[in-house]
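Here is what each chain is made of, one letter per residue.
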Amino acid sequence: MKRTVPLIIAIVAGFVLLIANFIPFAESWGLTAQEWFNILAVGAMVLGGGNLVKLHLMKVSSKRKGWGYSVVTIACFFGTLFFGLLKIGVHPNPLTPDYAWSGYYLENGSTLWWIYEHMVVPLTSMMFAMLAFYVATAAFRAFRAKNTEATLLLVTAGVVLLGRTYAGVWLFEGWLPESMQWLRFDNLTVWIMDIPNTAGTRAITIGIALGVVATSLRILLGVDRSYLGQD
Amino acid sequence: MRKQIHHILAFVMALSMAAFATAQSPAPPSALSVSDTPNDSGKSVDVTWSLSETDIFNPLNADATQMNPELIVSVYRIERMVTDSSSAEAKQEDLQWRQIAEPSAGETSFVDRTVQLGWTYNYRVCAVDNQGEASSWIVSESLVKPTMQIFDMSKAWLAIFMILFGGFVAYFINEARSGKKLWVRKIAGLEAIDEAVGRATEMGRPVLFVAGIQDINEIQTLAGLTVLSRVAKTAAEYGAQIEVPTCRSLVMAAARETVEAAYLAAGAPDSYQPDKIHYLTDEQFAFVAGVTGYMVREEPAACIYMGGFYAESLILAETGNHIGAIQVAGTAMPSQLPFFVASCDYTLIGEEFFAASAYLSDDPLQIGSLKGQDYGKFLSVLILIIGIFFATTASLSGDGDGFGAGARDYIKNNMLGSEGLGSFGGGNTDLEGDDS
């Protein structure tokens, strides 16, 4: 029963979404299924939040290594929850001024907005900015000319890298004959991106599309149940 | 007396000129046409018109300096009325002209999504200039009654392909069920999973599994969970510890079920620790911070990433590389694949990732579906080759209306596009710069 009911729900929801894609009359069914999912996801947030708090409380109570960070996490969790739920600093909606909580929860100037703008956004940007360094280290490793393929990759990457900058134009200015202008890095970059790169990406995309359909069919037909905890 | 008459006449002329000047209005739009939106559930109407002659976006006005700035069209005003009085639910205001939209200058179409199925409507459009002056109305020559189509014919070819593909899959599942041995090539990345878990066991370090950052309604997350099932089973058999941080609450719940069942199947239900499968946060980069923090602190010996990833893929994979973990990744995000390839030991590219669950299960039925997938691929390649052939012949012959061009356009617009079964004929579609 524990497996059968979720399996039936998955199969029914899958077929509803499939039919909704082809039959205009059933369009709203797909939207309804999506709404059900959203409601479930919101309910599950409580589950996730509860799990987060529980694990960190356990870490604090047992004074495991790094328990101080858990205290910060719990404090931030409840602080944000408090300011967000109570809408501290949010003005009532002008259309319904009598209802104190009717304002937009992320209204400019509210406490939650401040937390988001001045804490979440900078921290997120910081993590995102780190990508630049990771790209450099990954590129260094990937572009080492260990074999023919890696050498080809290195040359291609060099051409595209230079072609994306003014150096791609500047290097060939004044001396390359008109008939060989296609050799300029900026022109080669356009060719590499439009032809081999697009072809490769499309090949992968077609494979992915077929894989998605095959996996969906396995799930819809109940052949693959491993996601339910059963091989 | 004569002088007074001249003054009066001059005054009257000035007045009439002023009146004429203020009464100047923009040119109306033309060629208004209304039609029921095809392949829909009868809840929308397509309205199209041609630009006003005083619309700055009209090609006639290439030299905008020659235009009277006061007459330049600012918006088009669209009004609608219900003409079928038998529509019992129609209110009095519906039976009169009523404004429904004001698209900007340069727009030549509007989709009215506020109509009722089965009611009959009439539409009219006028142009409004910067001064707020409206042109005369142009009324549609025909009425329109939105109707519902039983089947979305624009997706007819998609349905045909799905039936064909489903047929292949069903056929090979049946073949497998009847006992026929089906061969599937080895996937190095999946073979490496056992090796990675074994290494973690030997080193006495945990195995980290990340099922992407998408929710459970995404197929990539489901594919990731099927791999998790195998990883957890192997970990249970070897006695390795597995850590599964999740980015979504529902994924956490599903992952717990998966891992618990895997431990049970491996005969080690007591080793299952639900707290090892835990929720971190929905926020993308906060999740990455949490996972990479864990990686740096605990130094897992194996990191397995299977699911839908975005920009965080490289941060995770590079951190794993930095701590010296053996890494296996699988995703169907084409833009993230290069990052995983550069940083991980093994990467399941696109379709391999989706084949993983069938491959790992050793279940003949699932292997049969893989075989069906291969035949679907063969069909796709066949259409590609035919398309390339016709596109090449049409290009070489230079005949834009010949059979080759027609076949090319039919494949492009009907089979791969959204024009449905349609009719086959010559075409002159410009392929230049088209990314469809």
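All values reported here derive from a predicted model rather than from experimental measurement.

Participant: What is the right way to look at the overall build of chain B in this model?
Facilitator: Each helix and strand in chain B was counted, giving 11 helices and 13 strands. Relative to the 2.2 N^0.38 estimate, which gives 22 Å for 436 residues, the radius of gyration of chain B is 33 Å and therefore markedly larger than a compact globule would have. Dimensions of chain B, computed from C-alpha atoms along their principal axes, come out at roughly 120 × 55 × 55 Å. With 436 residues in all, chain B has 41% of them scored as buried. Sequence separation of 24 or more characterises 67% of the internal contacts of chain B that already satisfy a separation of 6 or more.

Participant: I keep staring at the overall build of chain A and nothing clicks. Help me out?
Facilitator: Along the backbone of chain A there are eight helices and zero strands. In chain A, the succession of α and β elements from N to C terminus is α-α-α-α-α-α-α-α. Against the 2.2 N^0.38 benchmark of 17 Å for 231 residues, chain A shows a C-alpha radius of gyration of 27 Å, more extended than a compact globule. The principal-axis extent of the C-alpha atoms belonging to chain A is close to 75 × 50 × 50 Å. Every one of the 231 residues in chain A was classed for burial, and the buried ones make up 14%. When contacts within chain A are restricted to residue pairs at least 6 apart in sequence, long-range pairs at least 24 apart make up 30% of them.

Participant: Mind showing me how you'd approach the domain arrangement of chain B here?
Facilitator: Note on interface size: it is often stated as the accessible area lost on association of the parts. What the domain assignment reports for chain B is domain 1 (23–139) and domain 2 (182–362). Between the C-alpha centres of domain 1 of chain B and domain 2 of chain B there is a distance of 55 Å.

Participant: Looking at this structure, how should I read unusual backbone geometry?
Facilitator: If a residue is not glycine, its phi is most likely negative; likewise, a peptide bond is most likely trans. Even without being glycine, Lys87 of chain A reaches a positive phi, approximately 50°. Mapping Lys87 of chain A onto the fold places it in the loop between α3 (67–85) and α4 (111–129). The phi dihedral of Asn39 of chain B is positive, around 55°, even though this residue is not glycine. Relative to the assigned elements, Asn39 of chain B resides in the loop between β1 (30–36) and β2 (45–50). You can call Asn39 of chain B partly exposed: it has 16 C-beta atoms within 10 Å.

Participant: Would you mind going over the sheet that holds strand β3 (residues 73–82) of chain B with me for this structure?
Facilitator: By way of backbone hydrogen bonds, the strands of a sheet pair with one another, either parallel or antiparallel. The sheet built from four strands is open, its strands ordered β4-β3-β6-β7 (chain B) with antiparallel pairing. Whereas interior strands pair on both sides, the edge strands pair on one side only; in this sheet they are β4 (98–101) and β7 (138–139) of chain B.

Participant: Before we go on, may I ask you to explain helix α7 (residues 312–322) of chain B in this structure?
Facilitator: Residues spaced three or four apart along an α-helix point in a common direction, a consequence of the helix completing one turn every 3.6 residues. Burial analysis of α7 of chain B places nine of its 11 residues in the buried class, the great majority of the element. When we look at burial in α7 of chain B, the residues that qualify are Glu312, Ser313, Leu314, Ile315, Leu316, Ala317, Glu318, Thr319 and Gly320 of chain B.

Participant: What is the right way to look at the sheet that holds β1 of chain B in this model?
Facilitator: All names here are of chain B. Strand order in the open sheet formed by three strands is β1-β2-β5, with antiparallel pairing between adjacent strands. Either end of the sheet is taken by a strand with one partner, and the two such strands are β1 and β5 (109–112). Here the strands of the sheet are splayed against their neighbours by 15° on average, with no regard to which way each runs. Where β2 and β5 come together, four bridges link them in antiparallel fashion. By the bridge assignment, Val47 is partnered in β5 with Phe110.

Participant: Would you mind going over the nonpolar core with me for this structure?
Facilitator: One recurring pattern in soluble globular proteins: nonpolar side chains tend to sit buried together. Residue and element names in this part refer to chain B. With 98 residues, the main nonpolar core has Val207, Val231 and Ile304 as its most contacted residues. When sequence neighbours within four positions are dropped, the list of residues in contact with Val207 reads Val197, Ala200, Val231, Ala235, Ala240, Gln241, Ile242, Pro300, Ala302 and Ile304. Listed in part, the 20 residues of the second largest apolar core include Val34, Leu71, Ile72 and Phe110.

Participant: Before we go on, may I ask you to explain the packing of α3 of chain A against α4 of chain A in this structure?
Facilitator: Residue and element names in this part refer to chain A. Packing of α3 against α4 leaves a shortest axis separation of 8 Å and a crossing angle of 135°. Taken together, α3 and α4 sit at an angle that is classed as oblique. Taking contact as the criterion, the partners of Thr80, Phe83 and Gly84 in α3 are, on α4, Thr111, Leu112 and Ile115. Residue classes in the contact of α3 with α4 are distributed as three nonpolar, three polar and no charged.

Participant: How should the interface of chain A and chain B be read in this particular structure?
Facilitator: Contact residues are listed per partner, giving 51 residues for chain A and 65 residues for chain B. A per-element tally of the side of chain A that touches chain B places helix α8 (residues 185–220) of chain A first, with 16 residues. Residues belonging to the side of chain A that touches chain B are distributed by class as follows: 32 nonpolar, 14 polar and five charged.

Participant: So what exactly am I meant to see when it comes to the domain arrangement of chain A here?
Facilitator: All names here are of chain A. Segmenting chain A into domains produces domain 1 (4–130) and domain 2 (133–228). Taking only C-alpha atoms into account, the centre of domain 1 sits 36 Å from that of domain 2. Contact with domain 1, which involves seven residues of that partner, is made by eight residues of domain 2. Partitioning the side of domain 1 that touches domain 2 into residue classes produces six nonpolar, one polar and no charged.

Participant: Quick question: what am I supposed to make of the confidence of the model for chain B here?
Facilitator: Low-pLDDT portions of the prediction should not be read for the details of their coordinates. Residues and elements named next belong to chain B. Considering every residue of chain B, the mean pLDDT works out to 87; 91% of them sit at 70 or more. A low-confidence stretch, residues 15–22 stays under pLDDT 50, and its non-local contacts, those more than four residues away or across chains, total zero contacts. For the stretch residues 426–436, pLDDT sits under 50, and the model shows 17 contacts to residues farther than four places along the chain or on other chains. Overall fold confidence for the complex sits at a pTM of 0.81, while the interface term, ipTM, reaches 0.89.

Rules used in this analysis
- Residues numbered from 1 in each chain as written.
- Chains lettered and ligands numbered in written order.
- Predicted model: local features only at pLDDT ≥ 70, side-chain atom pairs only at ≥ 80, totals over all residues.
- Helix = DSSP H or I, 4+ residues; strand = E, 2+ residues; numbered from the N terminus.
- Rg over C-alpha atoms; globule rule 2.2 N^0.38 Å.
- Buried ≥ 20, exposed ≤ 12 C-beta atoms within 10 Å, placed from the backbone.
- Contact = placed C-beta atoms within 7 Å.
- Domains from an automatic or database assignment.
- Pairing = 2+ DSSP bridges.
- Axes fitted to C-alpha atoms, helices over the stretch in contact; angles between N-to-C directions.
- Core = buried A, V, L, I, M, F, W, Y, C linked by C-beta atoms within 7 Å.
- Parallel < 35°, antiparallel > 145°, perpendicular 65-115°, else oblique.
- Nonpolar A, V, L, I, M, F, W, Y, C, P; charged D, E, K, R; others polar.
- pLDDT = per-residue confidence, 0-100.

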